[in-house]
Amino acid sequence: DVVVEISESMPVIAAVNYIDDRGFTAKAAVSWVETGAVAGRFLAERHPAGTPAVRVAWFPGPAAAGWVGFVEEGFRAAVDNSAVEIVATLYGDTGREAQVLLVEEALDLAGGLAGGLDYIVGSGPTAEVAVSILRARGLEDRIGIVSTYMSHAVFRGIRRGRILAAPTDFAVIQGRLSVEMAVRALEGQLEVALAGPVIVNVTRETVEQIGSEGSLAPASFEAVFKLDVEEIP
């Protein structure tokens, strides 16, 4: 409702987070269903139907978060009719501390499964913490890791061969696109009200070619926050 109210007096542009259309002049965004699907198709193509089954522990994120449902919808649809079996689903906050506990829980549960786990698939923090946990348990060569989105640590993990793959929705490009949309809206020249980059899967084979410039902040970036507080009389 607040967005709708603001939109009556000025253009409002949505950037990156795909949300309700009401009140927005334009949106620079991608489908998060497709983001989940890209991660799922990576596994489905490696293990098509008719090949030996592989077992996946799936970490979608917080159950109550709106974006989780979209990512999960895409991932599950992509691995359907493949040899991928989701044997454990663990929801939880995407903070590193919470994900450490969830990954440890999944590995402990997998100890009672015949054949154990073959993959850990989840959010960026899931993949990040899984790298060190699997190394500590001596499982880094036994269990593969796939992230459902890109982060600096995930990017480094892919380059080093510790994380197999992650989709990128080129968030930096989306940010630039949103500014372009805002300028065009102010100038009365906006023609495309919904646009976003094609989601691409990044693997060790493609990571150098794709690079990080369109997806991640440069190493020199430093966030600076300023809070102006009015004095209370």
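To start, this report covers the structure provided alongside it. (Residues numbered from 1 in each chain as written. Predicted model: local features only at pLDDT ≥ 70, side-chain atom pairs only at ≥ 80, totals over all residues. Heavy atoms only, no water.)

## As for the nonpolar core
Item 1. With 28 residues, the main nonpolar core has Phe59, Val103, Leu107, Ile120, Met150 and Ile158 as its most contacted residues.
Item 2. Counting only elements with at least two residues in this core, the list comes to strand S3 (54–59), helix H4 (96–110), helix H5 (124–137) and helix H6 (152–159).
Item 3. The dominant element in this core, judged by the number of residues it contributes, is H5, at 6 residues.
Item 4. Excluding residues that lie within four positions of it along the chain, Ile120 makes contacts with Ala57, Phe59, Val103, Leu107, Thr126, Ala130, Leu134, Ile143, Gly144, Ile145 and Val146.
Item 5. Val38, Trp58, Ala165 and Ile199 belong to the second largest nonpolar core, which has 18 residues in total. (Core = buried A, V, L, I, M, F, W, Y, C linked by side-chain atoms within 4.5 Å. Buried < 20%, exposed > 50% of the residue type's maximum accessible area, 1.4 Å probe, protein only. Helix = DSSP H or I, 4+ residues; strand = E, 2+ residues; numbered from the N terminus. Contact = heavy atoms within 4.5 Å.)

## Remarks on the environment of Phe155
Item 1. Secondary-structure assignment places Phe155 in helix H6.
Item 2. Sequence separation between Phe155 and Gly211 is 56 residues, and the spatial gap between their C-alpha atoms is 8.9 Å.
Item 3. If we ignore the near neighbours within four places in the chain, the residues touching Phe155 are Met150, Val207, Gly211, Ser212 and Leu216.

## Quick notes on the layout of surface pockets
Any empty space left between the atoms is revealed when a probe the size of a water molecule rolls over them.
Item 1. Volume-wise, the largest pocket comes out at about 320 Å³.
Item 2. Broken down by secondary-structure element, the contributors of at least two residues to the lining of the largest pocket are helix H2 (32–46), helix H3 (66–79) and strand S7 (165–168).
Item 3. Considering only enclosed or pocket space, the second largest pocket measures out at about 220 Å³ in volume.
Item 4. Lining the second largest pocket are 14 residues, and of these Glu140, Asp141, Ile143, Gly161 and Arg162 sit closest to its centre.
Item 5. If one sorts the elements of the lining of the second largest pocket by residue count, H5 sits on top with 3 residues.
Item 6. Here the lining of the second largest pocket is built from residues that sort into 6 nonpolar, 2 polar and 6 charged. (1 Å grid on protein atoms, 1.4 Å probe; cavity = no way out; pocket = protein on both sides within 12 Å on 5 of 7 lines; lining within 4 Å. Points joined across faces, edges and corners; volume = space filled by probe spheres on them. Nonpolar A, V, L, I, M, F, W, Y, C, P; charged D, E, K, R; others polar.)

## Focus on the pattern of salt bridges
Item 1. Tallied over the full model, the rule gives 10 salt bridges.
Item 2. With a shortest N-O distance of 3.0 Å, Glu72 and Arg76 are connected by a salt bridge. A residue pair is termed a helical-turn pair when its members lie 3 or 4 positions apart in one helix, as Glu72 and Arg76 do in helix H3 at 4 residues.
Item 3. For Glu72, a relative accessible area of 10% gives the class buried. (Salt bridge = Lys/Arg side-chain N within 4 Å of Asp/Glu carboxyl O.)

## Notes on the environment of Ile199
Item 1. With respect to the helices and strands, Ile199 occurs in the loop between strand S8 (194–195) and strand S9 (200–203).
Item 2. Given a relative accessible area of 13%, Ile199 falls into the buried group.
Item 3. As for Ile199 and Leu90, which are separated by 109 residues in sequence, their C-alpha atoms are 25 Å apart.
Item 4. Setting aside residues up to four positions removed in sequence, Ile199 forms contacts with Val30, Ser31, Glu34, Thr35, Val38, Pro167, Thr168 and Asp169.

## A closer look at the sheet that holds strand S1 (residues 13–16)
Item 1. Across the sheet, 3 strands lie side by side as S1-S2-S8; this open sheet has parallel pairing. What marks the edges here is a single partner per strand, and that holds for S1 and S8.
Item 2. Examined bridge by bridge, S1 and strand S2 (residues 26–29) share 4 bridges and lie parallel to one another. Across the sheet, Val16 pairs through a bridge with Ala29, a residue of S2.
Item 3. Against the sheet, helix H7 (residues 171–187) contacts S1, S2 and S8, and its axis sits at roughly 165° relative to S2. (Pairing = 2+ DSSP bridges. Axes fitted to C-alpha atoms, helices over the stretch in contact; angles between N-to-C directions.)

## So, the side chain of Asp169
Item 1. When you line up the elements, Asp169 lands in the loop between S7 and H7.
Item 2. It turns out Asp169 is buried and unbridged, and the closest side chain with the opposite charge, Arg176, is 13 Å from it. (Lys, Arg positive; Asp, Glu negative; His and termini not counted.)

## Examining H7
Item 1. Across its 17 residues, H7 extends 24 Å between first and last C-alpha, which sits within 8% of the 24 Å expected from 1.5 Å per residue.
Item 2. All of the buried residues along H7 are Gln174, Ser178, Met181 and Ala185. An end-on view of H7 places all buried positions within 60° of arc, on one side of the element. Relative to its buried face, H7 has exposed residues pointing more than 90 degrees away, namely Arg176 and Leu186.
Item 3. Looking at the packing, one finds that the buried side of H7 touches S1, S2 and S8.
Item 4. Looking one or two places after H7, you find Gly188, whose phi comes out positive at around 70°. (Expected span 1.5 Å × (residues − 1). Arc of directions from axis to C-beta.)

The quantities given are spatial measurements derived from coordinates; they are silent on function.
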